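Remarks on the overall topology
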Amino acid sequence: MISSVSAGWFDFLGGDSAENNETNFVVGYFVEFPPFEYTDDNGEVTGFDLDLAQEVADRNNWTFVKHQIIDWDTKEAELDSGAIDCIWSGFTINGREDNFAWSEPYFNNSQVFVVKADSTISSAEDLKGKTIDVEMGSSAIEALENNQTLKGSFENINEITEYDTSFMDLESGTCDAVLGDREVMKYIINTKYNEEDYKILETPLAIEQYGVGFSKDNTELRDQVQKTLNEMYEDGTIDKIAQKYKDYGVPEGVIHP
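Given the structure is predicted, the values throughout are model-derived calculations rather than measurements.

**Section: the confidence of the model for the protein chain**
Within the protein chain, residue pLDDT values average 89, and 91% of them lie at 70 or more. Across residues 3-21 the pLDDT falls below 50, and counting only partners more than four positions away or on other chains, this stretch makes 29 contacts in the model.

This is the structure in structure tokens:
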């Protein structure tokens, strides 16, 4: 097994336990982060990130194990304990560069504001004195921390646990805007609501990149995953997987080496 729950990565590469070919690739993810991770109509967890991870596992003859991270705040503890091999879940590199052994960035993301289509709000400056909803523990929170002038201009910032709540707040008028990841916002609007009822403000609050995060001492596994991803870029597999999610803007965000 790749993670420290069983045989180590060194053993898999040819150490004393190399004869044990029972290898698991245990990926930590946050379940409701569509289109990167979400539960489909059949009750199966799927998404762009998990499709990529599945392909990486298949090409290395690893058994792909999905490990849902119930509490996003525990993600580093689960990684450091060996409960998971990596975090692959729309995981933002920016601001965390020294905390993990990172893959190369594979996706360009932006933090955007969503408002009702009939709103007079057309820019972040128009949100002065307004209330916004933002997901607790998300990189959107960090983006706000990096823009204290804008953060201080809001009347209230509601930290919510799921975006369904934020869109209900937006509909009811409890908040004036929702701040979140661009593709996640597109997915929610396109699949759960009338697309004409909402608009995404043109200028993003922040630009960031997603990567696969490993514990800092697990660079060998990181390098093997990156090698496999590079092969998937070269043969067009990553672009093919991204096309499954074209309605939510995923192909446009893919970073090519």
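Back to the write-up after that little detour.
**Some details on the environment of Asp 85**
Mapping Asp 85 onto the fold places it in the loop between α3 (75-81) and β5 (86-87). By relative accessible area, which is 2% here, Asp 85 ends up buried. Asp 85 sits 137 residues away from Arg 222 along the chain, and the two C-alpha atoms are 9.3 Å apart.

**Brief notes about the pattern of salt bridges**
Note that side chains of opposite charge can pair when their charged atoms are close. Tallying each qualifying case throughout the model produces 10 salt bridges. Salt-bridge contacts for Glu 55 lead to Arg 59; the nearest nitrogen and oxygen are separated by 2.7 Å. Of this pair, Glu 55 and Arg 59 are both found in helix α2 (residues 48-59), 4 residues apart, which corresponds to roughly one turn of the helix. Accessibility expressed as a relative area gives 23% for Glu 55, which makes it partly exposed. Residue class for Arg 59 comes out partly exposed when judged on its relative accessible area of 30%.

**Regarding helix α6 (residues 163-172)**
Among the residues of α6, those classed as buried are Tyr 163, Ser 166, Phe 167, Asp 169 and Leu 170. In an axial view of α6, the angular spread of the buried residues amounts to 155°, which keeps them on one side of the axis. Across α6 from its buried face, at more than 90 degrees, point the exposed residues Met 168 and Ser 172. Of the residues flanking the end of α6, it is Gly 173, one or two places downstream, whose phi is positive at about 90°.

So, how was this worked out
Residues numbered from 1 in each chain as written. Predicted model: local features only at pLDDT ≥ 70, side-chain atom pairs only at ≥ 80, totals over all residues. Heavy atoms only, no water. pLDDT = per-residue confidence, 0-100. Contact = heavy atoms within 4.5 Å. Helix = DSSP H or I, 4+ residues; strand = E, 2+ residues; numbered from the N terminus. Buried < 20%, exposed > 50% of the residue type's maximum accessible area, 1.4 Å probe, protein only. Salt bridge = Lys/Arg side-chain N within 4 Å of Asp/Glu carboxyl O. Arc of directions from axis to C-beta.

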